[in-house]
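Each chain, letter by letter, is given below.
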Amino acid sequence: MTSMGDIRALIARLLADQPRGRLRLTVSILLAVFASGCSVALMGVSAWLLSRAAEHPPVLYLLVAAVGVRFFGIGRGVGRYFERLTGHDLALRMQSGLREATYASLSRTTLLGRHYGDLLVRITADVEGIVDLVVRVILPFCSAAVVFLGTSAILAIFSPLDAFVLFAISIFAGIVVPWLAARWSRQADERAIPARGELGDKIREIALDAPDMVAYGLADQELTALASIDAKLRDSERDGAWTRGVAEAAQMLSTGLAVICALIIGAAAVSNGLMPGRDLAVLVLVPLALHEVYADFTKSAQTLTRSRTALARVVEVLQAEPVGSGDRVADPDSPIMGLHLSDVSVGWPDGPELLAGIDLDLEPGQSVALVGHSGLGKTTLAATIMGLIPARSGLVQAPGRVGYLEQSSHIFATSLAENVRIGNKDATDEQVVEAMTLAGLHLDPLREVGEQGATLSGGEAQRVALARVLAEPRYPSLVILDEPTEHLDRETAQALLDDLFTTLGQAGLLVITHDADLMARCDRVIDLSQWAVGTELR
Amino acid sequence: MAPPLDPRLLKRATATRAFLVAVALTGIANAGCIIAQAWLIAYAVSGVFASHSTVFEGPLPSLSAYIGLLALVFTIRAGLSWLSSWLAHRASASVKSQLRTDLMAARLANPRDTSTTSSTLIYLATQGLDNLDGYFAKYLPQLVMAAFIPVLVLVVILGQDIQAALIVAITLPLIPLFMALIGVATRDQVNRRLKYQTKLANHFTDLVTGLPTLQVFGRARAQLTGLKLVEQGSRIETMKTLRLAFVSGGVLELLATLSVALVAVSVGFRVVAGDLDLTTALFVLVLAPEAYLPVRLVGVHFHDSADGAAAANSVFRVIDAVAAPPAVPMAPPPPKTSEIVFDNVSVHYPGADQASLSHLSFAVHPGEVVALVGRSGSGKSTALNALLGFVRPTSGAIRVGGIDLADIDLDAWRRQIAWVGQNPGMLRGTIGSNIAIGYPKATQSQLRSALDRAGGQDLALDRPLADDGEGLSAGERRRVALARALLRIEFGHAGLFVLDEPTAGLDQASEARVVAAVSASGVGAIVVSHRDALLKLADEMVPVGSQPAAAASSEPEGGRR
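Conventions and cut-offs
Residues numbered from 1 in each chain as written. Chains lettered and ligands numbered in written order. Predicted model: local features only at pLDDT ≥ 70, side-chain atom pairs only at ≥ 80, totals over all residues. Heavy atoms only, no water. Helix = DSSP H or I, 4+ residues; strand = E, 2+ residues; numbered from the N terminus. Rg over C-alpha atoms; globule rule 2.2 N^0.38 Å. Buried < 20%, exposed > 50% of the residue type's maximum accessible area, 1.4 Å probe, protein only. Contact = heavy atoms within 4.5 Å. Areas by Shrake-Rupley, 256 points an atom, 1.4 Å probe, with all protein chains shown as cover. Lys, Arg positive; Asp, Glu negative; His and termini not counted. Charge placed at Lys NZ, Arg CZ, Asp CG, Glu CD. Phe/Tyr/Trp six-rings, centres within 6.5 Å; stacked < 30°, edge-to-face > 60°. Expected span 1.5 Å × (residues − 1). Arc of directions from axis to C-beta. Domains from an automatic or database assignment. Salt bridge = Lys/Arg side-chain N within 4 Å of Asp/Glu carboxyl O. Polar contact = N/O pair within 3.5 Å; in protein donor to acceptor, adjacent residues only side chain to side chain. Nonpolar A, V, L, I, M, F, W, Y, C, P; charged D, E, K, R; others polar. Patch = residues over 30% accessible without salt bridge, like charges linked within 9 Å, V, L, I, M, F, W, Y side chains within 5 Å. Pairing = 2+ DSSP bridges. Axes fitted to C-alpha atoms, helices over the stretch in contact; angles between N-to-C directions. Parallel < 35°, antiparallel > 145°, perpendicular 65-115°, else oblique. Left-handed = near helix turned anticlockwise from the far one by under 90°.

Asks: Got a minute to help me understand the overall build of chain A in this structure?
Replies: The helix and strand tally for chain A stands at 14 helices and 8 strands. Against the 2.2 N^0.38 benchmark of 24 Å for 538 residues, chain A shows a C-alpha radius of gyration of 33 Å, more extended than a compact globule. Referenced to the eigenvectors of the C-alpha coordinate spread, the extents of chain A come out at roughly 105 × 55 × 45 Å. When the 538 residues of chain A are sorted by exposure, 58% land in the buried category. Restricting the contact set of chain A to residue pairs at least 6 apart, pairs at least 24 apart contribute 80%. Carbon and sulfur atoms provide 59% of the accessible area of chain A, an area that totals close to 21,400 Å². Across chain A, the centroid of the 45 positively charged side chains sits 11 Å from that of the 62 negatively charged ones.

Right, dumping it as structure tokens:
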């Protein structure tokens, strides 16, 4: 479980990693203090100016105050502008630092076949929580706290009692109320989580299975189910909204209380002759300007709840112990050409043993199909052969270079050529074209493929992955095909397999598959369940 | 900038209209409270100032009367603020529910609409629409308040002091004017900033989701250097554009506070000259910021609204894309006895380079098995989609027993069809419950028999299926879907098989059973397949896509989901 302390430590580390990080933070906070302070000072000095003017002194006596009023009038806008700039600069720097740290941490752990898909996508969004935390929580919170203190300290010159009362009310309205509201609305929001999850699942199901639902007449039934989940969610969200409304009302009442206290305390001081009459307006009008600062706190508290959850997930990733080797370490000079497994058992270093006693020999030019139900440990075996994770026991002899073609290889949002160069970063343009041609990809290497290879068909994407394997100067003598046609339509799959078996014919092929057609192409079919450890998973 | 108030939100979401009226009413009440509050404060302070006592001349006899009324006013304002946030939540919640349901109904009405991907749809229906909370809770109320409060406050100030009113009247309209001018001047920069930030975020997401692939090639750690360079470069660019983008917010704040300062100095100098009394001066000073506050908050909350408005916009695009059903749908003729005719049917998905299906004509006589053959991307699956009414032909027509499919009640038509798609959908539940979709009243033994005949003798009926049938291979999914279709023919009295590669990935023995089951049913079938065993069943082979086939990528269902 990640605590607030971990997040504080993370922020301290990110700050320390920035050149002059603490100084940047201090400057940003001071600018924010200046900006909020200006609007409070504008009200206070204006009130004093009017009251003083009502005493009809020579105009000269008012000039300083008049200049002050104009200065604060300008200061707020200017201060806010520079505060936002320095604050965002710092926040973006910290975001970069966090992205790099997250990436470094993730890249140290072997991710292949770990069903991390959702986590990987989520974490990239979670990292952005740091910007919110800096710009919308830390800066407003620190600056507002300073403004409270400063305002109370200055008002103490006029009336210590009123200053104390104002300070107490500020603590209540600015800190206690937002804190309670955030706490209660978080409890309400947490109660809404199951309903929210259910709603997300239902929407996902409808979005993915719409054709089947429509074809089998389930549309109305599904919409009714959706509406009833939606109603449940509305009920649980209602409490949160109620709390937030009450918090706003409490802040308004607090402002009123501060104004009224100032009137009572100030008027008594004036009529007792303890305070000049002109100071009363200052005491009464300043709390009005503070009201906006209270509202900032509520916003900060709500943002804190959100970014805290996001950053807690990031911290979890950063703190996780690496599993496996992360990057595959290939020894290009290894003399081993075939694959020899004797009495090998495999499993994730942090998980149970999945397969044990595996004996397998595969020479270049041979092909073997590995079959067995999902979850048996097929991809785990592949990761072990590639040296991404250590074998639990037994002897693994594999070539230095092992080609690997997965179900849906990631296609990066760059050019085709750069995607192919993932396989060999030093590949020349000619080598890239050659690899693409061999992989049956007759496209412009400079073509940009778009996000997740959006402009490629499933078959083309798999051919890009094949070109990566072929881009190495010396073809690998062992290639693992991990359900290479699972997401392809029939004809595309057949065409790809024809090309695969032709271009990779010289290598040993280890084929993980469910597909009867693909099994038929292999020299041997081996059922992995003979080596499964323990009882059947399903 | 998006329009401040999307008329489609008003039109579609009935809750919005009542909400706007309520917000306007609370806005007016709030303005009244603000004026009363300023009046009470001004008289109370100047009363004490003039008499140096808590009992003084003025409209009210003593300070305690002012305090009592002030307490009342603040209580009312607190109540109003609670009320408006409550109303906002109610409106937001009901608009969200309505749009969510409409969105998913639109998806079901247009099940093959690939212009909005499933993941976008999921995002829109959940987080996307949640952004409407900001729109309803903050932006819209402020917008309404900005329409009432400044005007009311200005009128009151005008009644007190013409000079101060002039300052407010001149500077107030400057705010939206400057905002608009700066908005136009910096729009390119702001868009560029968004592009940089999106690009940066996408680059990072791309790298992280591609990590497993990078690790296999031993390239993951090496990318860190590149990431650092990209991060640094993009941050510098982003900051450059931010310097301009923040100008509009800065000017907003500057105008609002500077105007208050001008008012204060102006009334101050007239008080000292004796042209204005303190009460009026204080009254104007307390009111002046209130005239600017709603306008300023509109600017502040604009971003809260932008995400929500953008989500609503995308939702409307999906909803509006649904074609209207026939006004008076006709009952479909039973396919067991009716001829099905494809008459020069073409389908061109909006936005696609080429037609997905062009000029297909053939006829299926009752009880006949017709196989569609052709290269990948020639439009075979699209033809089946058109037959099921998932897509409408762009030109040409499909006729059932002489009636155009466009005039037929599609739900009733689909009840007559047993369909198996290329990548069948699996609902949450068990394998058994997924088969029972074909005939909900089926007994366990009927389910078992259907699954066995579909080649799924190894699959357990009670095997739970989680999200989207995870853990089932594509071949296993097809077997479950085929069992579903068999039930629908045998017990649901459907009269036509529509099968898209039903035996792909099956071994020969399983395939033989499937072929036997289909032919034993005795009903007609339209089949897409490459397997000889299935093609042998066909009474007729229809070539699809005679001209050079389109690239596989132009056929949406051939790509990735």
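Asks: Help me understand the packing of aromatic side chains in this model?
Replies: Any two aromatic rings considered together are summarised by their centre-to-centre distance and by the angle between their planes. If you walk through the whole model with that rule in mind, you get 17 aromatic pairs over all chains. A ring pair is formed by Tyr 135 of chain B and Tyr 139 of chain B, whose centres lie 5.8 Å apart and whose planes are at 35°; its orientation type is tilted. Residue Tyr 135 of chain B and its partner Tyr 139 of chain B are both found in helix 5 (residues 132–160); the two are separated by 4 residues, about one turn of the helix. Assigned by exposure class, Tyr 135 of chain B and Tyr 139 of chain B land together as buried. Taken together, Phe 141, Phe 148, Tyr 294 and Phe 297 of chain A form an aromatic cluster joined through their ring pairs.

Asks: What exactly am I supposed to notice about helix 1 (residues 4–17) of chain A here?
Replies: Spacing of three or four residues puts side chains on the same side of an α-helix, whose turn is 3.6 residues. Residue and element names in this part refer to chain A. An ideal rise of 1.5 Å per residue puts 20 Å on 14 residues; helix 1 measures up with 20 Å between its terminal C-alpha atoms. Taken residue by residue, helix 1 has Ile 7, Leu 10, Ile 11, Leu 14 and Leu 15 as its buried positions. The buried residues of helix 1 occupy an angular sector of 130° when projected down its axis, which confines them to one face. Exposed side chains of helix 1 directed beyond 90 degrees from the buried face belong to Arg 8, Ala 16 and Asp 17.

Asks: Sorry if this is basic, but what is going on with the domain arrangement of chain A here?
Replies: Many structure descriptions define interface size as the accessible area lost when the parts assemble. Residues and elements named next belong to chain A. Domain boundaries assigned for chain A yield domain 1 (4–319) and domain 2 (339–531). For domain 1 and domain 2, the distance between their C-alpha centroids amounts to 51 Å. Between domain 1 and domain 2, the contact holds 4 residues from the first and 9 residues from the second. Inspection of the domain 1/domain 2 interface yields 0 salt bridges. At the boundary of domain 1 with domain 2, the tally comes to 1 residue pair in polar contact (both at pLDDT 80 or more). For the side of domain 1 that touches domain 2, the residue count by class is 1 nonpolar, 2 polar and 1 charged.

Asks: Could you clarify how one ought to interpret the interface of chain B and chain A in this entry?
Replies: Counting residues at the interface gives 139 residues for chain B and 143 residues for chain A. Remark: the boundary between chain B and chain A carries 8 salt bridges. Taken together, the connections running from chain B to chain A amount to 37 residue pairs in polar contact (both at pLDDT 80 or more). Counted by class, the side of chain B that touches chain A contains 71 nonpolar, 39 polar and 29 charged residues.

Asks: Is there a simple way to explain a negative patch on the surface in this structure?
Replies: Residues Asp 343, Asp 359, Asp 361 and Glu 363 of chain A make up a contiguous surface patch of negative charge. As for its placement among the helices and strands, Asp 361 of chain A is situated in strand 2 (residues 353–362).

Asks: Any chance you could explain unusual backbone geometry here in plain terms?
Replies: Glycine aside, the phi torsion of most residues is negative, and most peptide linkages are trans. Positive phi, close to 50°, is recorded for Asp 343 of chain A, a residue that is not glycine. Within the fold, Asp 343 of chain A resides in strand 1 (residues 339–347). Unusually for a residue other than glycine, Asn 344 of chain B sits at a positive phi of about 55°. Mapping Asn 344 of chain B onto the fold places it in strand 1 (residues 340–347). Judged by relative accessible area, which is 34%, Asn 344 of chain B ranks as partly exposed.

Asks: Mind showing me how you'd approach the sheet that holds strand 5 (residues 402–405) of chain A here?
Replies: Strand pairing in a sheet relies on backbone hydrogen bonds. The paired strands run either parallel or antiparallel. All names here are of chain A. Strand order in the open sheet formed by 5 strands is 5-6-7-3-8, with parallel pairing between adjacent strands. In this open sheet, the two edge strands, each paired with only one partner strand, are strand 5 and strand 8 (524–527). Across the sheet, the axes of successive neighbouring strands diverge by a mean angle of 20°, strand direction being ignored. Where helix 12 (residues 458–470) meets the sheet, its contacts fall on strand 5 and strand 6 (478–482), and the angle it forms with strand 5 comes to roughly 175°.

Asks: Whenever I open this one, the domain arrangement of chain B confuses me. Can you help?
Replies: The domains assigned to chain B are domain 1 (10–320) and domain 2 (340–558). The C-alpha centroid of domain 2 of chain B is placed 53 Å from the C-alpha centroid of domain 1 of chain B.

Asks: Please clarify how the pairing of strand 6 of chain A should be interpreted in this entry.
Replies: Looking along a regular strand, one sees the side chains alternate between the two faces of the sheet. Residues and elements named next belong to chain A. Extensive coverage of strand 6 is indicated by the burial of 5 of its 5 residues. Alternating residues of strand 6 divide into Leu 478, Ile 480 and Asp 482 and Val 479 and Leu 481, and every residue in both groups is buried. Two strands pair when backbone bridges link them, and strand 5 and strand 6 are joined in this way by 4 bridges, in the parallel orientation. Paired with Leu 405 across the two strands is Leu 481, which belongs to strand 6. With 5 bridges connecting them, strand 6 and strand 7 (residues 508–512) associate as parallel partners. In the sheet register, Asp 482 faces strand 7, and the bridge partner there is Ile 512.

Asks: Sorry, what's going on with the packing of helix 3 (residues 60–107) of chain A against helix 8 (residues 280–319) of chain A here?
Replies: Helices that pack against each other are described as a pair by the angle of their axes relative to one another and the distance between those axes. Residues and elements named next belong to chain A. The geometry of helix 3 relative to helix 8 is characterised by a closest axis approach of 11 Å and an angle of 15° between their N-to-C directions. By the angle between their axes, helix 3 is roughly parallel relative to helix 8. Considering how the two elements wind past one another, helix 3 and helix 8 form a crossing that is left-handed. Contact residues: helix 3 offers Arg 76, Leu 98, Ala 101, Thr 102, Ser 105 and Leu 106, while helix 8 offers Glu 292, Leu 311, Val 314, Val 317 and Leu 318.

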